[in-house]
Amino acid sequence: MVFFNPVYEHKGNTLSADSGYIYEDEIKQQFFEAFGHVVITQPSGTVINSDYLHYDATAQHARLTGNVKMVDATSVLTTNFLTYNMRSKVGTYQNGGRIISRGDTITSKNAYYFENTSDAYFRYKVIVRTPNVKVYTDTMRYNSITKDTYFFGPTNIKGNKNENLYTERGVYNTGTGIAKFNKNNLYTEDTKFLKGDSLYYNRDNGIGEAYRNVVFVDTLDKFYAYGGKGVYRQDEESILMTEKPLIITVVKNDTTANQETADSTAVQVDSTIRQMDSTPVQTDSTLIEVDSTAAAKQLRVMEKDSVPPAAVDSVYMTADTLYSRVIPIRDYHPLDLKLDRDGGQLIDEEEVDYGDVSETGEVGAQDSTLSPLDSNSTVLPDSTALQLDAATLTDSTTVVPPDPPQIKAKRPPLRAEPGNATIEMTQKADSTLRQEAVIPTGNEANDLITEALRVAQTPDTVAPDTVQQADSPPVPTLDSLGNPLDSLSSPLDSLRALPDSAKTRIVRAYYNVRLFKSDLQAVADSAYYGMVDSMFRFMGRPMIWAQGSQISADTIYMQIINQQVDNALLKNNAFMVNAVLDTVKFNQLKGRKITAFFANNNIDRLFVDGNAENLSFSADEEKQIITEMFHDRGARIKVRMENKEIIDYITIRKVDQKVYPFSMVTQENEILQGFIWRPQDRPTSKEDLLNRKREVPKETVPAAPADATASGEQTPEEPSSKAAAPKDTPSPPPQS
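These remarks concern the structure in this document.

Focus on the overall build of the protein chain
Stage number 1. The helix and strand tally for the protein chain stands at four helices and 45 strands.
Stage number 2. Within the span of the protein chain, comprising 736 residues, buried residues form 56% of the whole.
Stage number 3. The long-range share in the protein chain, meaning contacts at least 24 apart out of those at least 6 apart in sequence, stands at 58%.
Stage number 4. Of the accessible surface of the protein chain, which amounts to about 32,800 Å², a share of 51% is contributed by carbon and sulfur atoms.

Examining the environment of Y200
Stage number 1. Inspection of the secondary structure puts Y200 in strand β22 (residues 198–202).
Stage number 2. In this structure, the C-alpha to C-alpha distance between Y200 and F181, residues 19 residues apart in sequence, is 6.4 Å.

Here's the deal with the nonpolar core
Stage number 1. Membership of the largest hydrophobic core comes to 94 residues, with the highest contact counts inside it found for L53, L64, F122, L194 and F538.
Stage number 2. Setting aside residues no more than four positions away along its own chain, L53 makes contact with L15, F32, E33, A34, V38, I40, A62, R63 and L64.

Focus on the pattern of salt bridges
Stage number 1. Summed over all chains, the structure comprises 25 salt bridges.
Stage number 2. Here R325 ties to E236 by a salt bridge, and the two come within 3.8 Å at their closest N and O atoms. Taken together, the positions of R325 in strand β32 (residues 321–328) and E236 in the loop between β24 (223–233) and β25 (238–242) put the pair 89 residues apart, joining distant regions of the chain.
Stage number 3. Under the relative-accessibility criterion, R325 is labelled buried at 7%.

Here's the deal with the pairing of strand β38 (residues 549–552)
Stage number 1. Residues S549 and I551 point to one face of β38 and Q550 and S552 to the other, with burial holding for every one of them.
Stage number 2. Relative to β38, strand β37 (residues 543–546) runs antiparallel, the two sharing four bridges. Paired with I544 across the bridge in β38 is I551.
Stage number 3. The antiparallel hairpin formed by β37 and β38 contains two residues in its connecting segment, where Q547 sits at a positive phi of about 50 degrees.
Stage number 4. Looking at chain direction, β38 and strand β40 (residues 564–579) are connected through three bridges and run antiparallel. In the strand pairing of β40, S552 is matched with F575.

Quick look at the side chain of T504
Stage number 1. By secondary structure assignment, the location of T504 is in strand β34 (residues 503–517).
Stage number 2. On the basis of relative accessibility, which here comes to 2%, the residue T504 falls in the buried class.
Stage number 3. A polar side-chain atom of T504 sits 3.1 Å from the main-chain amide nitrogen of V532.
Stage number 4. In this structure T504 touches R325, V326, I327, I329, Y332, M531 and V532, once residues within four positions along its chain are discounted.

Structural notes on the environment of A59
Stage number 1. Position of A59 relative to the elements: it lies in the loop between β6 (47–56) and β7 (61–71).
Stage number 2. A relative accessible area of 11% means that A59 is categorised as buried.
Stage number 3. In the structure, A59 is positioned 30 residues away from Q29 in sequence and 9.4 Å away in space, judged by C-alpha atoms.

Observations concerning the pairing of strand β9 (residues 90–93)
Stage number 1. A two-sided burial pattern is seen for β9, the buried positions comprising V90 and T92 on one face and G91 and Y93 on the other.
Stage number 2. The pairing of strand β8 (residues 76–85) with β9 spans three bridges and is classified as antiparallel. Bridge pairing links Y84 to G91 in β9.
Stage number 3. Between β8 and β9, which pair antiparallel one after the other, the connecting turn spans four residues, and K89 there sits at a positive phi close to 55 degrees.
Stage number 4. Pairing analysis gives four bridges linking β9 to strand β12 (residues 110–114), with the strands arranged antiparallel. Within β12, the residue paired with G91 across the bridge is Y113.

Observations concerning the side chain of D632
Stage number 1. Along the chain, D632 turns up in strand β43 (residues 625–642).
Stage number 2. Separated by 2.4 Å, the side chains of D632 and T651 make a polar contact.
Stage number 3. Reaching out from D632, the side chain makes a polar contact with the side chain of Q657 at a distance of 3.1 Å.
Stage number 4. Once residues lying within four places of it in the same chain are set aside, the contact partners of D632 are A612, E613, N614, I637, Y649, T651, V655, D656 and Q657.

Structural notes on the packing of aromatic side chains
Stage number 1. By the definition in use, this model includes 18 aromatic pairs.
Stage number 2. Between the aromatic rings of Y21 and Y23, the centroid separation amounts to 5.8 Å while the plane-to-plane angle is 35 degrees, which identifies the pairing as tilted.
Stage number 3. Aromatic side chains Y23 and F31 sit 5.3 Å apart centroid to centroid with 20 degrees between the ring planes, which places their arrangement in the stacked category.
Stage number 4. Each member of the aromatic cluster is reached from another via a ring pair, and the members are Y21, Y23, F31, F35 and Y52.
Stage number 5. If you follow R141 out to its NZ or CZ, it ends over the ring of Y150, 4.4 Å from the centre.

Concerning the environment of R514
Stage number 1. Residue position: R514 is located in strand β34.
Stage number 2. Distance from R514 to K686, taken between C-alpha atoms, is 9.9 Å for residues 172 residues apart in sequence.
Stage number 3. Those residues in contact with R514 that sit more than four places away from it in its chain are Y316, M317, T318, A319, D320, A522, V523, P683, L689, L690, R692 and K693.
Stage number 4. Within polar-contact distance, the side chain of R514 engages the backbone oxygen of L689 at 2.8 Å.

Parameters and conventions
- Residues numbered from 1 in each chain as written.
- Predicted model: local features only at pLDDT ≥ 70, side-chain atom pairs only at ≥ 80, totals over all residues.
- Heavy atoms only, no water.
- Helix = DSSP H or I, 4+ residues; strand = E, 2+ residues; numbered from the N terminus.
- Buried < 20%, exposed > 50% of the residue type's maximum accessible area, 1.4 Å probe, protein only.
- Contact = heavy atoms within 4.5 Å.
- Areas by Shrake-Rupley, 256 points an atom, 1.4 Å probe, with all protein chains shown as cover.
- Core = buried A, V, L, I, M, F, W, Y, C linked by side-chain atoms within 4.5 Å.
- Salt bridge = Lys/Arg side-chain N within 4 Å of Asp/Glu carboxyl O.
- Pairing = 2+ DSSP bridges.
- Polar contact = N/O pair within 3.5 Å; in protein donor to acceptor, adjacent residues only side chain to side chain.
- Phe/Tyr/Trp six-rings, centres within 6.5 Å; stacked < 30°, edge-to-face > 60°.
- Lys NZ or Arg CZ within 6 Å of the ring centre and 35° of its normal.

Next comes the structure, spelled out in structure tokens:
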């Protein structure tokens, strides 16, 4: 019999509709079918509306169709077909539906909803929309109380600031914005990529932390780094790398000349010398007179036969801590070192009396001062990625009671209007949204990071926009006579022409800095690098090995222009050393400062200023023996080179030059004051760079850098001579 406006009660649940009837099957199990404005009210307060209801009283299992809407304390579920068990309070839809919970809207093809725990499991074309993010995945669990979303497959979380989080297993809280991922994780933001075995991200402060096998890439700056831990700050676009961090920069090689290998041998000097004073040197039985009109001294690098180098090379740099960030151009303070390829003015210093000397040259000006460096870093708290177990999406089984329940009539309750038209519209809109959604299928993280690394490793064919705008005229590098302009004037001029909105990247390295390139290696206590002018600053007992020489000073500046080494400045206690014929004798060059200019990655000209001294040995290459030692002193020593050979050697002002036969070379005169020779500190390969730090002398304790500041970029500061660590003073080599 059909009843109109029936109201029934069963196990505390109230069922009502426009019409319905009760019937029993052959084993006396009761069923209730209802039509039109169906309303189910549960004791917990949950209300379910639909157009049609089929209810199995024994199993307490309801099947609802047509504009279904279920409302409980935390969520609203809408679909066109829902199965719901009133005993276990588990609902299921399998042909599209939506759940709205406290600002989160979730749509999927299939879902299981557990009212007792407020958990929902979604399957196939799952899309989550919140005020801050959109989530796209194929398998997900959601808790409407905690607002945690758990992922068990490829997932994209897209933010409003063009950031994206990718993972294949993890949890994300839509309320707090905290993500904890632990499988194939990748964070992307515009041109920046951060990957790690575990990934932690906080949306509110924009901090992302990656752990183990960390890779960071910025394709715009062609900057990429590796490490065991990486911390990315979205607001300042910075990355802090620790645990064997490694930064790699792509530069050009010299394709017009043979490149020197990392193990190139020492520079050899022949016996011809230019502009020597006629100063006699007394021996036991012979007086040697030095020829003041001797030809120019020749410098030759003995190289092994090697395969021609590639067009590009990589510079690897590591330290205990590497920090890099993007700053506005206006906050960057480039150093105007006032370098001049013609040498510039001489240093105005106190005269040094060398005895009987001939004076040449002119008086110069005081050397330029340098801007301060704010060496600082930010250490962020550690975090542990959450480990998840995949859950199986299964429906709950029902328990059949021994006695069939009885359905009793009851007074009609107040009916909740389901809003049929609205539900139908949302179902159509969600269906279209799912069809158009791009759901990740796997391997996206590896594909994206691989492509990002490929772009970062490909050198630009034109100058980057952060140095010169695309529509600006080219910056001249030659004067009207075809001579090179001051190598630092062009970048500084282009900096002044850049708009205030332009940005650049800086890099800071703290403690045990090591750098490796196929033809250049370096170590220091700290380093600073600005991409806008491509200037390296090495501080704290810095040392460089290049072209067979060991180079040291209190501070070393090295600039790369057009992806090639262009110039270098050794500031205070500058020293260059190389071994002679693999013996314990060393060619030495020292001064208050040494300025070097390069062409095709080879030294083109060299200026030694401030009590300049050159001590070199001449050798008979055929007999492989050393014949004599030359000692030269003056206010400036100028060297011009071509194809790695000296074509011009000039000593200027207060010149004092002597030649000693090898028999007169002693332990006292064969080395200059401040001499140091530490080949054991030289990185020999990329692997050696990461796994071995240079030995720190017991008497040397490096000072800790200042704490990092979060705002703005400060002017790089040259360390004071008082704070500088004492230099190694090994015992003199034994006398031959």
